[in-house]
Amino acid sequence: MVEISLNTGVRKEVPAGTPFMALLEELPEEMRRDAVAVKVNGRIFDLRQAVTDGGEVEIVTGGSEEALDILGHSTAHLMALAVMELFGDVKFAIGPSIEDGFYYDFLLERTFTPEDVAAIEKRMRTLRDEGNLEFVREDMPKDEAIKLFTGLGQTFKVELLNDLEAETVSIYRLGGFTDLCSGPHVPDIKMVRAFKLLSTAGAYWRGDEKREMLQRIYGTAFFSEEDLSKDLTRREEAKRRDHRILGPQLGLFDIKEEAGGGLVFWYPKGYILREIIETYWKAEHRKAGYDVILTPHIARSELWKASGHYEYYRENMYIIQGEGQELVLKPMNCPAHILIYKSKLHSYRDLPVRYAELGTVYRNERSGTLHGLLRVRGFTQDDAHIFCTPEQLLEEVESCFEFAHQLLTSFGFDNYKVELSVHDPDQMEKYAGTEEDWQKAEASLLAAIEKRDIPFRKIIGEAVFYGPKIDLKLIDAIGRGWQATTIQFDFNLPRRFDIVYVTSEGKREYVYMIHRALLGSLERFIGTLTEHYAGEFPMWLAPVQAILLPIGLEHHDYVRSCLEKVRAAGIRAEADLREEKIGYRIREAELQKIPYMLVAGSKEMEEGTFDVRSKARGRLGAKKIDEIIAELVDEIDTKA
RNA sequence: GCUGGUGUAGCUCAGCUGGUAGAGCAACGCACUCGUAAUGCGUAGGUCAACGGUUCGAAUCCGUUCACCAGCUCCA
């Protein structure tokens, strides 16, 4: 007998071997129906599995993340069964649940067409409704499982098994489909109620480009049709916000085939947006104690040999031939900043030195990785390098973090996720710097995060070879994450360039170097901003803040004189004087997502007013022109 | 870079199994002089991504290249 207590408050003693399902019998009907799995002492189990140890049993129900995870995984198995039935000779790779749904990777001759996917989805529903299916779990010794999957010709599963440390493994059967799987799965296949297969894509076996290319099918699954339709709506919403569509549509930016992939053309309106960001950025950096600098776009390859980029980053660099010498189009700003630092000998009294640059860099990114503004070949980093003493480390990291927070929130990003990437102590040989350096740096990064008392994820082994880092991922208006801020230590370059400072004892020591980009790159940041606001930028960022619309010809002079006044107040305003119907011009202004439309006919002209139509709040009624100007200026100044 | 898909007028797209291209919007012209998300009529606009091949004949079939999309990988 073991003693267990349910998180509903029930305590009882049951014989070991009782299925968890039996524990639920006394619970209210709706709770039982909702139960997907149980968690005992942090481990998650199927309802069909048996109680072995006593302890706290937490019931995982439909609403939770974990339940969705299980559902996605179960749906992936059902999909695999459907694929097996429809296409026969299939090798199965893996089929996990992911943040955004689930997928399964298959190896087969045929390439899936959209019709195939529809057929698979249909078969899944038939199997669910008529197949009388159940997930059946079976534990077996590893070598037995190897025999089983070898017999089935499932070589990927055999490979996975061979790499597993465990003595005993579990398999799950669903109809004729047998999978190596630790589970758990939903207790009833009928729970796979609301799902949709979304897309197909290629994926390498184990993410290794030297291995087999598999076919992946992505899908999404929920416990109710309502949740599914919400998710599908969210995906539609994401499409509506796509900066690659909005950019050209709003006259912000575009990428030209004639120039090549990953190279951005900033149109007049997009450049206004960019210029506002740059101006604000520079002003804030000076306030925060940075010196703003500018360095060349190309430099002799010797510089890149010294930094190590020439050897280790070569495939990403554009190398050009000059007059008898080789030049590199800069992929990073750090060596240039170091040259400025090295222009004189620094004492500990000078530190920290903070050099900031809106540094435009070029990297030869692989063609398949290019993606709108989010992944380009030429981009401007909002870069800075901080040179400091070990004692200053913590304070500098803290102020970087604070600065990033301040910048991001002023652009409307109130939420972000924090990731701390640290070294893997077992692989010290692949890192630059000493264990002591790493300990010190990681401790200060950690302290800076903890001081802010916010949740974060620590990822061991994710640090780059030259130092640990903090990354901030912005969460946008519809909950998606975007890489922005990165604060990184560098133990490599100070040694390579021999950059030092003189201590109070008169000794020369290597400086500590922090590399940080707060917005990330202007391109990516503006892409992210565009999607966050769906192109409806707040007043201080909107390229056109107001448009003046006369009803008819006789109101043109009035509108012209008011336009001058509005512009004189520093508002970016235009007038649409075309001889089109007012409805037509309003529609165009709406589609251009201009925050304010100021409409004037005879009545307004007489009274010195405009009828104000706000993109966000609709028609606000007539107001005196001076009053309107004051309100708009206030909205701009408060960055609302 | 890899897998799959796509590339037709400024934009969104139609064009079946090969017989040298069509719509809507935009542009331009004319008429209308207009009150809060599209007034009507007309005109012009394309070496069908580029190059090569098959064919009597290619937007359509094949090959190569470029670009884009969904991913893999990579990353600001």
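Residues numbered from 1 in each chain as written. Chains lettered and ligands numbered in written order. Predicted model: local features only at pLDDT ≥ 70, side-chain atom pairs only at ≥ 80, totals over all residues. Heavy atoms only, no water.

1. Details of helix H9 (residues 268-287)
In step 1: The end-to-end C-alpha separation of H9 is 29 Å, in line with the 28 Å expected for 20 residues at 1.5 Å each.
In step 2: All of the buried residues along H9 are Gly 270, Leu 273, Arg 274, Ile 276, Ile 277, Glu 278, Tyr 280, Trp 281, Glu 284 and His 285.
In step 3: Note on H9: the residue one or two positions beyond its end, Gly 289, has a positive phi of about 90°. (Helix = DSSP H or I, 4+ residues; strand = E, 2+ residues; numbered from the N terminus. Expected span 1.5 Å × (residues − 1). Buried < 20%, exposed > 50% of the residue type's maximum accessible area, 1.4 Å probe, protein only.)

2. Thoughts on the packing of aromatic side chains
In step 1: All chains considered together, the criterion is met by 25 aromatic pairs.
In step 2: The structure contains a cluster of three or more aromatic residues connected by ring pairs, namely Phe 87, Phe 92, Tyr 104, Phe 106, Phe 112 and Phe 177.
In step 3: It is Arg 354 that lies over the ring of Tyr 290; its NZ or CZ is 6.0 Å from the centre. (Phe/Tyr/Trp six-rings, centres within 6.5 Å; stacked < 30°, edge-to-face > 60°. Lys NZ or Arg CZ within 6 Å of the ring centre and 35° of its normal.)

3. Quick notes on the domain arrangement of chain A
In step 1: Here chain A is described as being made up of domain 1 (2-61), domain 2 (66-238), domain 3 (249-295 + 333-526) and domain 4 (546-637).
In step 2: One C-alpha centre belongs to domain 2, the other to domain 3; they are set 40 Å apart.
In step 3: Contact with domain 2, which involves 5 residues of that partner, is made by 4 residues of domain 3.
In step 4: Across the domain 2 to domain 3 interface the summed buried area is about 340 Å²; carbon plus sulfur atoms make up 45%.
In step 5: If you sort the residues of domain 2 by the area they bury against domain 3, Glu 209, Arg 234 and Ala 238 come out on top, with a joint share of 74%.
In step 6: Summed over the shared surface of domain 2 and domain 3, the result is 0 salt bridges.
In step 7: Between the two partners, domain 2 and domain 3, sit 0 residue pairs in polar contact (both at pLDDT 80 or more).
In step 8: Residue composition of the side of domain 2 that touches domain 3, grouped by class: 1 nonpolar, no polar and 4 charged. (Domains from an automatic or database assignment. Contact = heavy atoms within 4.5 Å. Buried area = accessible area lost by both parts, 1.4 Å probe. Salt bridge = Lys/Arg side-chain N within 4 Å of Asp/Glu carboxyl O. Polar contact = N/O pair within 3.5 Å; in protein donor to acceptor, adjacent residues only side chain to side chain. Nonpolar A, V, L, I, M, F, W, Y, C, P; charged D, E, K, R; others polar.)

4. Quick notes on the sheet that holds strand E4 (residues 43-45)
In step 1: In spatial order, the strands read E2-E1-E5-E3-E4; together these 5 strands make up an open sheet with mixed pairing. Across the chains shown, the open sheet's two edge strands, defined by having one partner strand only, are strand E2 (11-14) and E4. Taking each pair of neighbouring strands and ignoring which way they run, the sheet shows an average axis angle of 35°.
In step 2: As judged from the 5 bridges shared by strand E3 (residues 35-40) and strand E5 (residues 55-61), these two strands associate in the antiparallel manner. Residue pairing in the sheet places Ala 37 in a bridge with Val 60 of E5. (Pairing = 2+ DSSP bridges. Axes fitted to C-alpha atoms, helices over the stretch in contact; angles between N-to-C directions.)

5. Quick look at the protein's contact with RNA strand B
In step 1: Taken together, 52 residues surround RNA strand B, and among them Tyr 204, Ser 367, Glu 579, Glu 604 and Asp 611 come closest.
In step 2: For RNA strand B, the fraction of atoms within 4 Å of the protein that belong to sugar or phosphate moieties is 50%.
In step 3: The separation between a base nitrogen of RNA strand B and a polar side-chain atom of Tyr 204 is 2.8 Å.
In step 4: Backbone polar atom of Val 376 to a base nitrogen of RNA strand B: 2.9 Å apart, as the coordinates give it.
In step 5: Elements supplying a minimum of two residues to the surface near RNA strand B: strand E12 (194-204), strand E13 (213-222), strand E22 (378-388), strand E26 (481-490), strand E29 (512-521), helix H18 (582-591), helix H19 (602-607) and strand E33 (609-614).
In step 6: Sorting elements by how many residues they give to the surface near RNA strand B places H18 first, with 7 residues.
In step 7: Of the residues in the surface near RNA strand B, the class split is 15 nonpolar, 18 polar and 19 charged. (Near = heavy atom within 4 Å.)

6. Some details on the sheet that holds strand E34 (residues 618-624)
In step 1: Ordered in space as E31-E30-E32-E33-E34, the 5 strands form an open sheet in which the pairing is mixed. Looking at the sheet topology across the chains shown, the edges are occupied by strand E31 (573-575) and E34. Taken over all neighbouring pairs, the strand axes of this sheet differ in orientation by 25° on average, direction set aside.
In step 2: In this sheet, E33 lies alongside strand E32 (residues 596-600) in antiparallel orientation, the contact comprising 4 bridges. Within E33, the position partnered with Tyr 596 by the bridge is Ser 614.
In step 3: Contacts between helix H17 (residues 556-568) and the sheet are confined to strand E30 (546-550), E31, E32 and E33, with E31 contributing the most and set at about 170° to the helix.

7. Considerations on the state of the cysteines
Disulfide: a covalent bond formed between the sulfur atoms of two cysteine residues.
In step 1: On inspection of all chains with the given rule, the structure shows 0 disulfides.
In step 2: Cys 400 supplies the cysteine sulfur nearest to Cys 334, a cysteine that is in no disulfide, at a spacing of 14 Å.
In step 3: Here Cys 334 falls in the buried class, since its relative accessible area comes to 3%. (Disulfide = S-S within 2.5 Å.)

8. A short note on the environment of Arg 33
In step 1: Looking at where Arg 33 falls in the secondary structure, it is placed in helix H2 (residues 29-34).
In step 2: Separated by 28 residues in the primary sequence, Arg 33 and Thr 61 place their C-alpha atoms 8.8 Å from one another.

9. What about the environment of Ile 245?
In step 1: Looking at the secondary structure, you find Ile 245 in helix H8 (residues 243-249).
In step 2: Using a relative accessible area of 48% as the deciding quantity, one classes Ile 245 as partly exposed.
In step 3: For Ile 245 and Gly 372, which are 127 residues apart along the polypeptide, the C-alpha to C-alpha distance reads 9.3 Å.

10. Quick notes on H18
In step 1: Taken together, the buried positions of H18 are occupied by Arg 585, Ile 586, Ala 589 and Glu 590. Around the axis of H18, the buried residues are gathered within 140° of arc, so they sit on the same side. Facing away from the buried side of H18, by more than 90 degrees, are the exposed residues Arg 587 and Leu 591.
In step 2: In the core, the buried residues of H18 are packed alongside E30, E32 and E33.
In step 3: Phi turns positive, to about 60°, at Lys 593, one or two residues after H18. (Arc of directions from axis to C-beta.)

11. Concerning the environment of Gly 601
In step 1: Along the chain, Gly 601 falls in the loop between E32 and H19.
In step 2: Considering only alpha carbons, one finds Gly 601 and Pro 550, 51 residues apart in sequence, at a separation of 6.0 Å.

12. So, the packing of helix H5 (residues 142-151) against helix H6 (residues 155-163)
In step 1: Where H5 contacts H6, the two axes come as close as 8 Å, and the packing angle between them is 165°. By the angle class used here, H5 and H6 are roughly antiparallel. The two elements H5 and H6 cross, and the hand of that crossing is left-handed. Seen from H5, the contacting residues are Lys 142, Ala 145, Ile 146, Phe 149 and Thr 150; seen from H6, they are Lys 157, Val 158, Leu 161 and Asn 162.
In step 2: Residue composition of the contact of H5 with H6, grouped by class: 5 nonpolar, 2 polar and 2 charged. (Parallel < 35°, antiparallel > 145°, perpendicular 65-115°, else oblique. Left-handed = near helix turned anticlockwise from the far one by under 90°.)

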